[in-house]
Amino acid sequence: MPDFQHVQLPEGDLVKIEDGQPVVGDHPIIGSLRGDGIGLDITPAMQRVVKAAVDKAYGGKREIQWCPIYVGLDGLQKYGEVLPQEAVDAIQYLKIAIKGPFTTPIGEETHVCLHCAHQQYHDGKCDKCGKDDGVAPRFRSINVGLRQAMDLYACVRPVMYFEGVPAPNKYADQVNFVIFRENTEDVYAGHDFERGTDMAKAVIELVKDKTGRQIREDSGIGIKPISVTGTKRLVKKACLWAIANNLPSVTLVHKGNIMKFTEGSFAKWGYELAAEEFGDKFVTEKALWDELDGKMPEGKILIKDRIADSIFQQIQTRPGEYSVFALPNLNGDYLSDAAIALVGGLGLGPGANIGTEVALFEATHGTAPKYTGMDKVNPGSIILSAVMMLNHMGWQEAAELIVGGMRKAIKDGHVTYDLARLMKAEGRGDVTEVSCSGFGEAIVARM
Ligand code: NAD
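Residues numbered from 1 in each chain as written. Predicted model: local features only at pLDDT ≥ 70, side-chain atom pairs only at ≥ 80, totals over all residues. Heavy atoms only, no water.

**What to know about the side chain of serine 249**
And then number 1: Tracing the backbone shows serine 249 in strand E13 (residues 249-254).
And then number 2: Once residues within four sequence positions are removed from consideration, serine 249 is found in contact with Ile301, Leu302, Lys304, Glu321, Tyr322, Ser323 and Val324. (Helix = DSSP H or I, 4+ residues; strand = E, 2+ residues; numbered from the N terminus. Contact = heavy atoms within 4.5 Å.)

This is the structure in structure tokens:
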């Protein structure tokens, strides 16, 4: 057992990985990163709901043993740094963890307060909230740091509709997607060179020298790497998800009509992977029409590809035709946010970042500092992320209880302020605005 300084492992079963899948005992130790800001409110609400669901589903035979891991404000206070190595080591040791949101500095200022996200040019006391134990020197995004430290290469975002949530799309009730976004490559790989720098000039020169083509001298330059390795491991995760959950299709989304050897190759390698790894489990659209007369054989999954711009139309006009998506990083980023908007916004969007062994589930919204500690915000995102986590653990019965409870709570109009406001604006007269913990209780009462 590792010799941790602050992380205290509770009694319980360590999660093991066999053949790439988690093997979970009845009392698994699961990492919990509370999150800054409203992490204080949503994480306990999530744990309460998970406990009630697990108790109800397994009659006391199973129980999660939460292991607190200290990152963000908690990390600063325990270790003097926001992303301590021990936190990364502990998540890697436990294999499964769930996190709240973390503050990310965005402006020019040298310091940021992790209580209220205020940014300033000095350490010590926060000029806004007055607290003197949360001001950290500027740092890089904790979320990106965690992903990179553990090579969590698949960003997974389920998008589903809940009856009663005011949604802008008239086909919202047909939306049931799981988006797999590649997390490590593409224009996010960090090869971004400012106009006029040696690197920018050298690339411009190299292109001219080798191809004879001109790039304007006053250009900034970005490099967009997309590899076979990065593509295939991501598409494999998407295919495995579709198989495990009996889903009808996997769609490879790309802009290969313009970027043949990056985006276009992503689709080509995706098809290759499905054929190499899963044999005839997947049927291509071409085979469907050329060989099968348009009739999908029982138990098979359709694999298709779509150009990125068309998919942004199709998810609005024919969402029922899509199920699992696999995309390179940038388009995956866009599609995740666009898709969640169809069903009424980010409040209820869950997520996870998954690598070869480690899975880190997460609330997808930010720290909403003005609501910290007010027991007010919507804990739906982290609760649905816990649902993903329970499914990942093979505890589907508990996961289903939570989703069912949440569906009923929303349908009954027992919702937090954000949804209450929208529902009332739509003319619903039976809405009961509840607190963050109250929403958790509303779910538990309806399981
Ligand atoms: P935010 O998501 O915190 O807030 C945007 C809006 O949504 C606000 O009006 C907020 O009150 C509301 N909101 C957010 N979560 C809500 C919830 N659960 N229920 C009800 N309403 C909710 O985004 P922001 O204000 O741009 O960022 C605040 C901080 O969070 C910044 O430091 C930012 O970098 C960080 N952030 C972190 C993550 C993450 O850790 N995954 C994601 C986004 C932003």
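**Details of the sheet that holds strand E15 (residues 301-307)**
And then number 1: The mixed open sheet is built from 11 strands, whose spatial order is E4-E3-E5-E18-E17-E9-E10-E16-E13-E15-E14. Both outer strands of the open sheet, strand E4 (65-68) and strand E14 (282-284), are each paired with one neighbouring strand and no more. Direction aside, the axes of adjacent strands within the sheet are offset by 25° on average.
And then number 2: Relative to strand E5 (residues 96-99), strand E3 (residues 29-33) runs parallel, the two being bridged by three bridges. Bridge pairing in E5 places leucine 33 opposite lysine 99. (Pairing = 2+ DSSP bridges. Axes fitted to C-alpha atoms, helices over the stretch in contact; angles between N-to-C directions.)

**A closer look at the nonpolar core**
And then number 1: Membership of the largest hydrophobic core comes to 79 residues, with the highest contact counts inside it found for Val50, Ile64, Met389, Leu390, Met393, Ile402 and Ile443.
And then number 2: Counting only domains with at least three residues in this core, you end up with domain 1 (1-104 + 141-160 + 354-447) and domain 2 (168-188 + 225-342).
And then number 3: Filtering out sequence-adjacent residues up to four positions away, isoleucine 64 remains in contact with Pro28, Ile30, Val50, Met389, Leu390, Met393 and Trp395. (Core = buried A, V, L, I, M, F, W, Y, C linked by side-chain atoms within 4.5 Å. Buried < 20%, exposed > 50% of the residue type's maximum accessible area, 1.4 Å probe, protein only. Domains from an automatic or database assignment.)

**Some words on the site of the ligand**
And then number 1: Near the ligand lie 17 residues; those nearest to it are Phe102, Asn143, Gly366, Ala368 and Asn378.
And then number 2: Contact distances for the ligand include 3.0 Å between an oxygen atom and a backbone N or O atom of threonine 367.
And then number 3: Contact between the ligand and alanine 368: an oxygen atom at 2.8 Å from a main-chain N or O atom of the residue.
And then number 4: Here the residues of the shell around the ligand sort into eight nonpolar, eight polar and one charged. (Near = heavy atom within 4 Å. Polar contact = N/O pair within 3.5 Å; in protein donor to acceptor, adjacent residues only side chain to side chain. Nonpolar A, V, L, I, M, F, W, Y, C, P; charged D, E, K, R; others polar.)

**Focus: the environment of glycine 39**
And then number 1: Assignment of secondary structure puts glycine 39 in helix H1 (residues 39-58).
And then number 2: Sequence spacing of glycine 39 and alanine 363 is 324 residues, and the spatial spacing of their C-alpha atoms is 8.9 Å.
And then number 3: Each residue touching glycine 39, except ones within four places of it in the same chain, is listed here: Arg34, Pro44 and Pro101.

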